[in-house]
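Fold and geometry: a report
Take a look at the letters that make up each chain.
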Amino acid sequence: MGNVSMSYRSVAVAAVAAIFSFNPLTAMSADKPPLIIARNLDINTLDPSRGNGDTANIFMYAVYEPLIRLADDGSLLPLLAKSWDVSQNNTKFTFHLDPKAVFADGTAVDAKDVKWTWDRLINLQGAFAWLLNGVASIETPDAKTVVVTLKAPDGEFLSKIVAPPTGIVNSTASAKHGAKASQAEATADTAEAWFLTESAGSGPYMLKSYSPNNELRFKRNPAYWGKAAAIDEIVIKQVKDSVAQAQALQSGTVEIAMQIAPDTAKTIRSPNVVITTAPSYNFLYMALSPGAKSATVPLTKNVRQAIAMAIDYEGMIDITVGGAGRMLSVAIPNGFPGTDGLPKPVYDLQKAKAMLAAEGLAKGFELEAAFPNENFFGVDVATMMQKVQQDLAKANIRVKLNPVTFAVWLDTVNGNGTPLTAGYYGPDYFGTDNYVNTFAMIPGTRWFKRSGAARVEGVTNSAEKALLAEAGAAAAGDRDAVYRKLAMEMIADKIIIPLVSPDLVIAHAKNVEGLKYGISPIMALQNLSIRD
């Protein structure tokens, strides 16, 4: 993933493909102890239409299957849908369900369940309802056919419905316990409590029990219609911090630790533990807001380019993650459509100074920087911003750091703004349009508003809006080239400046097999097995 000259398919293979041995799955007998995984649970609900976050995605993907799945090479493969047809302009998608697919209670997965599930996700307006924002209608001409018509062309719609929150729910079983799908009944939906104790999916696992802030326990689905999972029982145990997870792994209390920081990983010496790193799709960035009300000088494109050029990107990776990370060219993960061959960010302090001098800022200026005082993906944001402060000081830019809580930061960036800030992002699905719709300077995107683009001249980028529409209607083979043009425009904006993409630390006991790093979910439980 660090080599941007590779094709995005090749990079995706390298990042997502098996890192460990792929011996055939070995079934465990019922008397064997469960596989235990340490991570910060961070769960607010187990309702598949309301769920949010990495742990929820792991849960949903194991219990509630989507229509299609993502292969290690980035291609799309059948799951509940055995095949599908796409109209020429990417506005109509017809799915043909696999007649063998059944829910855990043995009832068939039918078209009505797909429509009901997606209607409920849309109408409850859960955290991931936006995945289906483009849907105009869902029709079910027969029990095994689903026809989705979109409001506008969307070449990445199939990638969106790979995301775990779109996994299909048993509509009959859920409706008996208060679940509602229609817009008119959305406020009367009372099923969330039921989903904390029961599950209604077709996946290889079922919910066994959930104890808030303690553990999430899975049991193998005995009625699974596909290849049976290898492990009878899996427990995700609440272990909040990196050091505690490492200790639990070394002591043998857990078999997998999911959130060990790179510096902590270096301290693990147990011969029974395997530590591997892999490129991730997560990244942290700094952002400039030309329209922030507290800006002391105009943050013109030339000034923004100078600021970006004054950052020592290699030094940033060393300081934040001890070298265990990658540069990003644009606010789109390495390996995603359109990122092949993009120019890497350049550190050139002398040129940065010259550009500022040309703008009449040779003596420098002050820059306020409010940022979330948090740790994301193992990166301490305060440490990252101190490095930004040190680098920009060499260009006579005096950064006033203002660490705040995440809630205060959100209020700030969504309100009057702050000239300089920091943020983080991780993928919800294998698609580039999510990043364009978040970071491009198109009216309506999250960072168009946060940058204050509507309050200043020269920030709105009309080319990006046209290219996004072109990508949505493009055939699959033509989409990469359009997204590359979009990426180049976003690089030139110099509003979002990626700083580090931390490597993922994968830590597990020697006898764990089948562990793979994915996009969403970050880990598929059904791939795991234990070697005797």
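So, a few notes on the structure that sits alongside this text. Numbering of residues begins from 1 in every chain and follows the order in which that chain's sequence is written. Confidence filtering applies because this is a predicted model: local features only for residues at pLDDT of at least 70, side-chain atom pairs given and counted only at 80 or more, and all residues used for totals across whole chains, interfaces and linings. Calculation of side-chain values draws on the structure's entire complement of heavy atoms; hydrogens and water are dropped beforehand.

So, about the side chain of Ser329. Secondary structure elements follow DSSP: runs of H or I no shorter than four residues count as helices, runs of E no shorter than two count as strands, and numbering proceeds from the N terminus. Counting through the fold element by element, Ser329 comes out in the loop between strand 14 (325–326) and helix 11 (349–358). There is a polar contact of 2.9 Å between the side chain of Ser329 and the backbone oxygen of Pro343. If we skip the residues at most four places from it in the chain, Ser329 touches Leu342, Pro343, Lys344, Pro345 and Ile491. Here a polar contact means two N or O atoms within 3.5 Å. Within protein one must be a hydrogen donor candidate and the other an acceptor candidate, and residues neighboring in sequence count only if both atoms are side-chain atoms. The contact definition used throughout considers only heavy atoms, calling two residues in contact when any of these lie within 4.5 Å.

Strand order in the open sheet made by the 7 strands is 8-9-10-1-11-21-12, with mixed pairing throughout. Looking at which strands have only one partner, the edges of the open sheet turn out to be strand 8 (205–211) and strand 12 (273–278). Where strand 11 (residues 256–257) lies against strand 21 (residues 504–509), 2 bridges are found, and the strand directions are antiparallel. By the bridge assignment, Ile256 is partnered in strand 21 with His508. Strands pair, by our definition, only if DSSP identifies at least two bridges between them.

Moving on: the side chain of Ser171. Looking at the secondary structure, you find Ser171 in helix 5 (residues 171–175). On the accessibility criterion, Ser171 (7% relative accessible area) is buried. Only 2.6 Å separates the side chain of Ser171 from the side chain of Asp113, close enough to count as a polar contact. Ignoring any residue separated from it by four or fewer positions in sequence, one finds Ser171 in contact with Lys112, Asp113 and Trp116. A 1.4 Å probe rolled over the protein chains alone gives each residue an accessible area, and that area as a share of the maximum for its type sets the label: buried under 20%, exposed over 50%, partly exposed in between.

Strand order in the open sheet made by the 4 strands is 4-5-7-6, with antiparallel pairing throughout. Either end of the sheet is taken by a strand with one partner, and the two such strands are strand 4 (81–86) and strand 6 (135–142). Here the average twist between neighbouring strands, direction ignored, is 20 degrees. Sheet topology places strand 5 (residues 92–97) next to strand 7 (residues 145–150); 5 bridges connect them, and they run antiparallel. Bridge pairing in strand 7 links Thr94 to Val147. Between N-to-C directions, angles cover 0 to 180 degrees, with each direction set by a line fitted to C-alpha atoms, over the stretch in contact for helices.

The next thing to look at is unusual backbone geometry. Non-glycine residue Asn396 carries a positive phi angle of around 65 degrees. Position of Asn396 relative to the elements: it lies in the loop between helix 12 (381–393) and strand 18 (397–404). With phi around 50 degrees, Lys494 is a residue other than glycine that occupies positive phi space. Along the polypeptide, Lys494 turns up in the loop between helix 17 (476–493) and strand 20 (496–502).

Worth remembering: the numbers are spatial, not functional.
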